[in-house]
Amino acid sequence: MGALLPARALLARSLSALSLPAALHAAAHAQPAAAPAAAPAAAPAAPAAPAAPAAPAGARAVTREDLAFRLRAPAPHWRLLSAEEAARLSPIAVAGAVEPGKSFGFVLMEPARGLGLEEYAQALIQSSPLGEVTVEVAEALTYQGHEALRLVYSGDTEQGARSRYLSYVLLRDGFAFQVSAGGKVGEVTAESLEVFARAVDLLAGPVRGAAAAPRALADGQELTWRARAGRAESWRARVSLTPPPGWEAQVGEAARALNASAELGLSRADVGLSLLVRSSRCAAPTPEGCAAWARGDALEELELVADPSAARLALPLLGAPAAFEALDRPSTPFSYLLHTRVEGGRALQVLAWCVRGQEEQAWARLAEGLGALSPLSEARAAALKAELAEALRADEGAEGRGDALRAHASWLRGELRSAPLRARWRLPAGGWRARLLPSGASALTALAFEAPAFDLSGRLTLTRRGGGLTEAHREALAALRRDLGAGVEVVAEGEGALGGGLSLWSELRGAGERPRRYRLHTALRDGVAAYVLSAAPHPSFPTSAALQVEQNLALGVSAAPLATRVEGERLRVSAREMRFELRDLPAGGALELHPDGGVGEASLSLTYEAGEALVGAVAVAHTSRDPLDPLALEAARRLLPPTEGPTPAPERLWLRGREARRLSWVTPEGVAALYIVRRAPLVYAYFVLAPAGHPLLAAGASPLWLLD
C-alpha cells in the first residue's frame, strides 16, 4: 500500500524557495540525497502533466470491464493517459488524465488486504509523501452507490509547491479504489477537482481483476546498491537479496518510499506482508550499547511501542538465529516485528509488518522472505562500493549522479556551479552522492548531499542577503532551533573559513534519549550567504566528513560564460558551464554569445563568424521528459539564415567515440552541416555554414569537444 510507515519516517521534505528558515527546516528533517520518492499509493505528489503521448489517438474514454469502471475525458482540453504512462506515475494507477499545466487525476487500485474503509483511508493519509499535510475535509458518503469516504487534503510536494488533493476512497470485492485528483493550491479548489470524479463511472458487476503479479527485479544501481539478473546487493547493509516466487523486491526509490533509511525490501501482496532492511553506523562504543541505541532509535523514529507480554518470534536470518520482538503503533492498523543485530560497527535491522489480525498467516511466510537475504562478505562489499563509485563517474552514471542544469545553477559530474551567485562546490571523493534541489528562484540554490558510510546527510544552501555575517548566522541558527523543537542545545561554536573567508559555525545536540547532532556553518561574501547544515547520529558525529563538504566550497568565483585562447592561427572557445569546447577554429573572427537560446531549462548558444564560414554551437538542458533533440535543433536553426523546405533526414555517425547525428542541406548562402550529440542531461548541436568544399565541412571535421 505504498508507504506503510509514518510520514515522519519519510525524512525527505520540500525546499521552499521563498525564505531561508523554510530551507533550513527542510534541511533539518531531510535525508536529502535520496532520489525522489517513488509514487506511493496516494495520488502522485507532483502535479505536472507528463510529456509522453496520451492514450490512443482520439480516445475520449478508457473502459476496464475487468475492474468495473470507465474513465471519460473530463473536458475537451483534458487528455487521457495511456496505461503505461499512468503506471509510471503511480505503481497502482490503472487510468489517469491530465489538464495540461494545471491538474491531474488518477484511478488507483490495490488489494485491500483485510483493511476496513476507515483504516485504509487512515493509512493513506499517514503514508503521504507530502510535507505538512492538512486534512481539510473527511466525510462519509455514498459515491455512485458505494459506501465511500471523501477526503480533501493539502501538503507540500518535493518540488516545494503547496498542492491540494481530492480523493474518493471505497472498497469493492476485496480491492481498495481511489478516485483522486490534484493540483497546486491557488490554482485548483476541491470543487474544480470534482470534474475528474464526475468523469469516472463505476460499472455494474464484480471486480474481476486479480492482484497484479509481482514485478521482476529490474536491473539498476545507485551509490549503495546494485540490482542485476534478479539479485540485489547492498554494500552498506552487507546483504544481498534474491526475491523468491510470489515476492516483489523493493530497492532504491521503492524502498525509500517505505522508509528513508531502508536499503532493500520485500513484499508479498497475497498475505499483506512487507519487510525492510535498514543499516546505520553504530553510535555507541560497545555492540550491546549499539544494539540498544539502534532499537531505541527505530522505535522513536517510527513511533512504535513494544509489547512486553508478546512472545518473541525466533527465525533464521543470514545464517544465524534471530529473535524478532512484537511492536505496535496504536494509530495504525498494522502489527510489526523488529530484529536488530550489530556486526562490523554497524547496526543491521529487519522490520516486518502486516495488517493487524492477519499475523498468523503473514508471520508464517516471514521465514521465506528472510531466506531471500544472504550475507555479503567484506571483500565483496568493498569491491561493490568501488564499482558503483566508478560507475557514477562515467558518462552513463549521469542519471545516478542526478546531473541537472537550471537557469541559475548546474550540477554536472560532481560539481555545482552558480554563475549568478559566484559559487562553486565539488563533491568529496569516495562514497558520496548529491542532487540539485528544485527551486523556482534564481536567488536561491540548494544542493542535498549524503555520505552513506558515515550516515551523514545535509544541505548546502546559497542565497543573496544583506546585513553582516553574525546576523546571517544567528538568524539561521534561531530558525534551525525552532524547527528542531524544545530541548535543542548549542554544544560548541567557533570561527572558520567556509568558502575561502571568515565564517561562523555552531554544533547542536537534539533532544531525547537518542539525539542527533547538527552542524550549521555560515559564510557571507559579496552579498551571497552560504549555509552548510550537516546532520548525523549522536554521539559519533563524523566531523572529518563534514569538513570535506565545507572545504570544497568556493565563494566569489568569477568565471566568464566563455573563455577564448589563441594558439597560433587557431582559436579555442570554452564554455565550461555547459561542459563543451570548440577547437581549431580559424583565428580573427567575430564571436557572439547568446546566453539564453530560449529553449529548455537552461541553454547557451554562440556563433563565430570567420571569413566565409559561420560556426554555431548550442547546449540545451531540461528537467522534464520532453525530448531534447528537437529543442537543440530548434535553437540551432534560429541562429542560421532562414531556409525553406523540410528538415532533412539525419544520418547516424560516431563523433569522437560518441554516437551523433548529422544533417546537411544546401542554402543560398552555402552548405549547412549540423551535428547533434547527446550526453545526459544535455544535448549539443553544432553547425557550420560555408561554401561547398570549405575545410570545416569535411567529414569528421567538427571541432566540438565535450569536457569532463
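Residues numbered from 1 in each chain as written. Predicted model: local features only at pLDDT ≥ 70, side-chain atom pairs only at ≥ 80, totals over all residues. Heavy atoms only, no water.

**Some remarks on the overall build of the chain**
Here is step 1: Counting its secondary structure elements, the chain contains 12 helices and 46 strands.
Here is step 2: The long-range fraction of contacts in the chain, counting pairs at least 24 apart against all pairs at least 6 apart in sequence, stands at 56%.
Here is step 3: Total accessible area on the chain is roughly 28400 Å²; 53% of this is exposed by carbon and sulfur atoms. (Helix = DSSP H or I, 4+ residues; strand = E, 2+ residues; numbered from the N terminus. Contact = heavy atoms within 4.5 Å. Areas by Shrake-Rupley, 256 points an atom, 1.4 Å probe, with all protein chains shown as cover.)

**Topic: the packing of aromatic side chains**
Here is step 1: For the structure shown, the criterion picks out 11 aromatic pairs.
Here is step 2: Residues Y143 and Y168 carry aromatic rings whose centres are separated by 4.5 Å and whose planes lie at 20° to one another, so their mutual orientation is stacked. Of this pair, Y143 sits in strand β6 (residues 131-143) while Y168 sits in strand β8 (residues 162-172), placing them 25 residues apart in sequence. Just as Y143 is buried, Y168 falls in that class too.
Here is step 3: Following the ring pairs from residue to residue traces out a cluster consisting of F104, F106, Y153 and Y165. (Phe/Tyr/Trp six-rings, centres within 6.5 Å; stacked < 30°, edge-to-face > 60°. Buried < 20%, exposed > 50% of the residue type's maximum accessible area, 1.4 Å probe, protein only.)

**Remarks on the pairing of strand β44 (residues 670-679)**
Here is step 1: Among the 10 residues of β44, eight are classified as buried, and the element is accordingly described as predominantly covered.
Here is step 2: Relative to β44, strand β43 (residues 658-667) runs antiparallel, the two being bridged by eight bridges. Paired with R662 across the bridge in β44 is Y675.
Here is step 3: Where β43 hands over to β44, the hairpin turn is made up of two residues, counted between the paired strands.
Here is step 4: As paired elements, β44 and strand β45 (residues 682-690) share nine bridges and run antiparallel to each other. When the bridges of β45 are listed, R678 appears paired with V683.
Here is step 5: Hairpin remark: β44 followed by β45, antiparallel, with two residues in the connecting loop. (Pairing = 2+ DSSP bridges.)

**A short note on the nonpolar core**
Here is step 1: The biggest cluster of nonpolar side chains holds 38 residues, and the ones touching the most others in it are F106, L151, L304, F334, Y336, L351 and W353.
Here is step 2: When residues in this core are grouped by element, the largest group, six residues, is from helix α3 (residues 117-126). (Core = buried A, V, L, I, M, F, W, Y, C linked by side-chain atoms within 4.5 Å.)

**Examining the sheet that holds strand β11 (residues 220-221)**
Here is step 1: Spatially, five strands are ordered β11-β12-β13-β14-β23 in an open sheet, and the strand pairing comes out antiparallel. One side of each edge strand has no neighbouring strand; the edge strands of this open sheet are β11 and β23 (373-375).
Here is step 2: Pairing of strand β13 (residues 231-234) with strand β14 (residues 239-241), which is carried by three bridges, proceeds in the antiparallel orientation. Bridge assignment links E233 to a residue of β14, and that residue is S240.

**Side note on helix α6 (residues 287-302)**
Here is step 1: End to end, α6 covers 22 Å across 16 residues, agreeing with the expected 22 Å (1.5 Å per residue, within 8%).
Here is step 2: Among all positions in α6, only C290, W293, A294, G296, A298, L299, E301 and L302 are buried.
Here is step 3: Considering only its buried residues, α6 is in contact with β17 (273-281), β18 (305-306), β20 (320-328), β21 (334-343), β22 (346-355) and β34 (528-537).
Here is step 4: A positive backbone phi angle near 60° is found at E303, which sits one or two residues after α6. (Expected span 1.5 Å × (residues − 1).)

**A look at the state of the cysteines**
Here is step 1: In total, this model carries one disulfide according to the counting rule given.
Here is step 2: Bridging C282 to C290, the disulfide has an S-S length of 2.0 Å. Torsion about the S-S bond of the C282 and C290 cystine: about -90°, corresponding to left-handed handedness. Take C282 and C290: they sit in the same class, and that class is buried. (Disulfide = S-S within 2.5 Å.)

**Regarding the pattern of salt bridges**
Here is step 1: In the structure shown here, the tally under the stated rule is 42 salt bridges.
Here is step 2: Notably, a salt bridge pairs R365 with E368, separated by 3.4 Å at the nearest N-O pair. With R365 and E368 both in helix α7 (residues 359-370) and three residues apart, the pair spans about one turn of that helix.
Here is step 3: The network of salt bridges with shared partners includes R226, R231, E233, R380 and E387. (Salt bridge = Lys/Arg side-chain N within 4 Å of Asp/Glu carboxyl O.)

**As for the environment of T63**
Here is step 1: Within the secondary structure, T63 is located in strand β1 (residues 61-64).
Here is step 2: Classification of T63 by relative accessible area gives partly exposed; the value is 37%.
Here is step 3: It is 9.4 Å that separates the C-alpha atoms of T63 and L203, two residues lying 140 residues apart in sequence.
Here is step 4: In contact with T63, not counting residues within four places along its chain, are F69, R70 and L203.

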